[in-house]
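The primary structure of each chain is shown beneath.
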Amino acid sequence: NHSFELKENPDGSFDRDFGETRMGQFEEIFPSLEVVGWYACDDQLRESDSKRHAEIVEMFCEKPVFVLLDATKALKNEQSSTGYFETIPISVNVATNAHNSEKLSFKQIPYNFLSTDSERIAVDHVVEHATSSDENGSDILLQHLKTLQRSITMLMTRVDVISSYLEASQRGE
């Protein structure tokens, strides 16, 4: 139920400073939870997934699970009478040779998927936005996430200003 985004550098690697900041915030808000894996929305495993998985190992957890959600396939599935998908097209993967990104490969593992209505609504929302595009062909989900990132950055800046003001007030400045 709890996740956070990672910013990507132009070379495709994760921004480690951003990741460490997000991890610190995650640990502060959810001190009893730990990172168990990561996910991506794509129709197949990519070479870049091995590199990203190795980075997750270095940054967050020793043996992460990688969940791949095929949003395109999800849209093609028939919805039940409740309006939700009966099956969600995901694959759950673990890495072999996790500490060597050049020899890393993924092995799909069996799973049981139990979800509440609120979780299904969230998955439907991700699927809808992951496959949507506007008339210019640009990714609506990406635009939405960038807007959220800018909003969070602005909020963090304002919180820092307020915090600095309160600290200065306490010092009598």
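Residues numbered from 1 in each chain as written. Predicted model: local features only at pLDDT ≥ 70, side-chain atom pairs only at ≥ 80, totals over all residues. Heavy atoms only, no water.

Here's the deal with helix α1 (residues 16-29)
The periodicity of an α-helix, 3.6 residues per turn, causes residues three or four places apart in sequence to face the same way.
Turning to step 1, where the next piece is worked out: Along its 14 residues, α1 runs 20 Å from first to last C-alpha, staying within 8% of the 20 Å computed at 1.5 Å per residue.
Turning to step 2, where the next piece is worked out: Considered for burial, the residues of α1 that qualify are F18, G19, R22, M23 and F26. Seen along its axis, α1 keeps its buried residues to an arc of 135 degrees; they face one direction. Turned more than 90 degrees off the buried face of α1, the exposed positions are D17, E20 and E28.
Turning to step 3, where the next piece is worked out: Measuring from the backbone nitrogen of D17 back to the side-chain oxygen at the start of α1 gives 3.2 Å, which picks out D15 as the cap. (Helix = DSSP H or I, 4+ residues; strand = E, 2+ residues; numbered from the N terminus. Expected span 1.5 Å × (residues − 1). Buried < 20%, exposed > 50% of the residue type's maximum accessible area, 1.4 Å probe, protein only. Arc of directions from axis to C-beta. Polar contact = N/O pair within 3.5 Å; in protein donor to acceptor, adjacent residues only side chain to side chain.)

Quick look at the pairing of strand β3 (residues 90-96)
Across a regular strand the side chains alternate sides, sitting on one face of the sheet and then on the other.
Turning to step 1, where the next piece is worked out: Sheet analysis places strand β2 (residues 65-69) next to β3, joined by four bridges and oriented antiparallel. Within the sheet, the bridge partner assigned to F66 lies in β3 and is N93.
Turning to step 2, where the next piece is worked out: Judged from the five bridges that link them, β3 and strand β4 (residues 105-109) form a sheet pairing that is antiparallel. Within β4, the position partnered with V94 by the bridge is K107. (Pairing = 2+ DSSP bridges.)

What about the pattern of salt bridges?
Turning to step 1, where the next piece is worked out: For the coordinates displayed, the defined rule picks out seven salt bridges.
Turning to step 2, where the next piece is worked out: With its nearest N and O atoms 3.9 Å apart, the salt bridge here joins E55 to R16. In this pair, E55 is assigned in helix α2 (residues 47-59) and R16 in helix α1, connecting sequence segments 39 residues apart.
Turning to step 3, where the next piece is worked out: When its relative accessible area of 6% is taken as the criterion, E55 is described as buried.
Turning to step 4, where the next piece is worked out: Taking the relative accessible area as the measure of exposure, R16 reaches 32% and is therefore partly exposed.
Turning to step 5, where the next piece is worked out: Between R46 and D43 there is a salt bridge, with its nearest N and O atoms 3.0 Å apart.
Turning to step 6, where the next piece is worked out: A relative accessible area of 35% places R46 in the partly exposed class.
Turning to step 7, where the next piece is worked out: In this structure, a network of salt bridges that share partners links the residues R16, E55 and E58. (Salt bridge = Lys/Arg side-chain N within 4 Å of Asp/Glu carboxyl O.)

Some thoughts on a nonpolar patch on the surface
Turning to step 1, where the next piece is worked out: A cluster of nonpolar side chains, L145, L148, I152 and M156, forms an exposed patch at the surface whose accessible area comes to about 310 Å².
Turning to step 2, where the next piece is worked out: Its place among the elements puts M156 in helix α5 (residues 140-170). (Patch = residues over 30% accessible without salt bridge, like charges linked within 9 Å, V, L, I, M, F, W, Y side chains within 5 Å. Areas by Shrake-Rupley, 256 points an atom, 1.4 Å probe, with all protein chains shown as cover.)

Focus: the confidence of the model for the chain
Turning to step 1, where the next piece is worked out: Per-chain confidence: the chain averages 78 in pLDDT, with 75% of residues scoring 70 or above.
Turning to step 2, where the next piece is worked out: Confidence, read as mean pLDDT per element, is least for helix α3 (residues 71-76) in the chain (66) and greatest for α1 (92). (pLDDT = per-residue confidence, 0-100.)

Some details on the environment of L68
Turning to step 1, where the next piece is worked out: Tracing the backbone shows L68 in strand β2.
Turning to step 2, where the next piece is worked out: Through-space distance from the C-alpha of L68 to that of A40 is 5.2 Å; in sequence the pair is 28 residues apart.
Turning to step 3, where the next piece is worked out: If we ignore the near neighbours within four places in the chain, the residues touching L68 are A40, D42, Q44, L45, P89, I90, S91 and N93. (Contact = heavy atoms within 4.5 Å.)

Observations regarding the nonpolar core
Turning to step 1, where the next piece is worked out: In terms of nonpolar packing, the biggest core is built from 14 residues, with M23, V35, W38, A40, I56, F60 and F66 touching the most fellow members.
Turning to step 2, where the next piece is worked out: Contributions of two or more residues to this core are made by α1, β1 (37-41), α2 and β2.
Turning to step 3, where the next piece is worked out: Once residues within four sequence positions are removed from consideration, I56 is found in contact with L6, F14, W38, C61 and P64. (Core = buried A, V, L, I, M, F, W, Y, C linked by side-chain atoms within 4.5 Å.)

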